[in-house]
Amino acid sequence: MYSPMPADWRETNRRRWDERVPLHLASDFYDVDGFRAGKSALRDFERAEVGDVHGKSLLHLQCHIGMDTLSWARHGASRVVGLDFSERAVEAARELAAEAGLGPERATFVAADVYDAVAAVPDTAYDIVYTGVGALCWLPDIRRWAETAASLVAPGGFLYLAEFHPLTDILDDATGSRIEHDYFARDAWIEDDPAGYTDMDAGYSDKDAGDAATGTAPPTVHNRSVEWQHPLGDIVSALAAAGLRVEFLREHDTTLFPRFRALEGRDGVYRFPADRPRIPLMYSLKASKAGQPSRG
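An account of the accompanying structure is given in this report. Note that the structure is a prediction, hence the values are computed from the model and not measured.

## Focus on the packing of helix α7 (residues 142-151) against helix α8 (residues 232-241)
- One way to put it is that α7 packs onto α8 with a least axis distance of 8 Å and a crossing angle of 40°. Judged by the inter-axis angle, α7 sits oblique to α8. Crossing of α7 over α8 shows right-handed handedness. Residues I142, R143, W145 and A146 of α7 form the contact with α8, whose participating residues are D234, I235, A238, L239 and A241.
- Its residues placed into classes, the contact of α7 with α8 shows seven nonpolar, no polar and two charged.

What follows is the structure in structure tokens.
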């Protein structure tokens, strides 16, 4: 439900994310074992749109357990830095980096709020500032995010963002065909729900899965979340106001989890059935900073 922003929104979300780190490490969605065996955590369209990262530095804001961050290093980035507000997620990311043989000179992880990134990260600017899917909804102030991210892009560098499309936030969960919420809402969206994107029944034991009506307590305790939806126009305008030039904005008809029960899964992505009109489920954009890069 929509509500005024609670004063404890950051700590509420941090507790939820801290608690879910071990669940995510064990989930099929993240496939940590596959990553350890060499599988990339990045989506094909991300690699194609970002291009060759060999010899480039990359900052990943809101990196969670760092699999995307480390995948960029595996694809040739000379140095990657991941930042996340969850200490537990950052600890997991550091452990994965060590297991992958990526020492601090190649991969560094910092525990800090994204709005404090300028002071928290080890370098003043990066060739690429990257934000992966499912990040912006946790931030109340998109202009402040854009200003922070833009300030960390090196001259001649760029910001790359891949995200779930804000249109999906206003449609009904079952069919994804009915408008149920306000696209331009500015209040926080607050829920108490143990389920998450890695497992729509997460938070309950097998015995009690989905049976919240029985009053059986789920094994997760911190189930409250505080999120915000950001219209696409607000995001693009915020980046432009922060001094970046938008190179492209692309919309995609697939997503990464069964956001609507009507979606069909195939080849690691979800889309509407062939007899359904398509809508954008994800988007990606690239925004560059003027100037000459400091190195080739």
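Next, the rest of the story.
## What to know about the nonpolar core
- By size, the foremost hydrophobic cluster in this structure holds 43 residues, and its most contacted members are V129, W145 and L159.
- Looking at this core, the elements with two or more residues in it are β2 (57-61), β3 (79-84), β5 (126-131), α7, β6 (153-164), β7 (188-192), α8 and β12 (282-288).
- At five residues, the largest contribution of residues to this core is made by α7.
- Residues contacting V129, with those up to four places away along its chain left out, are L59, L61, A149, L152, V153, F158, L159 and Y160.
- Counting 35 residues, the second largest nonpolar core, distinct from the first, contains A77, A93, F109 and I128.

## Digging into α7
- Taken together, the buried positions of α7 are occupied by I142, W145, A146, T148, A149 and A150.
- In the core, the buried residues of α7 are packed alongside β2, α6 (117-120), β5, β6 and α8.
- Taking the backbone nitrogen of R143 as reference, a side-chain oxygen 3.2 Å away marks D141 as the first, capping residue of α7.

The rules behind these values
- Residues numbered from 1 in each chain as written.
- Predicted model: local features only at pLDDT ≥ 70, side-chain atom pairs only at ≥ 80, totals over all residues.
- Heavy atoms only, no water.
- Axes fitted to C-alpha atoms, helices over the stretch in contact; angles between N-to-C directions.
- Helix = DSSP H or I, 4+ residues; strand = E, 2+ residues; numbered from the N terminus.
- Parallel < 35°, antiparallel > 145°, perpendicular 65-115°, else oblique.
- Left-handed = near helix turned anticlockwise from the far one by under 90°.
- Contact = heavy atoms within 4.5 Å.
- Nonpolar A, V, L, I, M, F, W, Y, C, P; charged D, E, K, R; others polar.
- Core = buried A, V, L, I, M, F, W, Y, C linked by side-chain atoms within 4.5 Å.
- Buried < 20%, exposed > 50% of the residue type's maximum accessible area, 1.4 Å probe, protein only.
- Polar contact = N/O pair within 3.5 Å; in protein donor to acceptor, adjacent residues only side chain to side chain.

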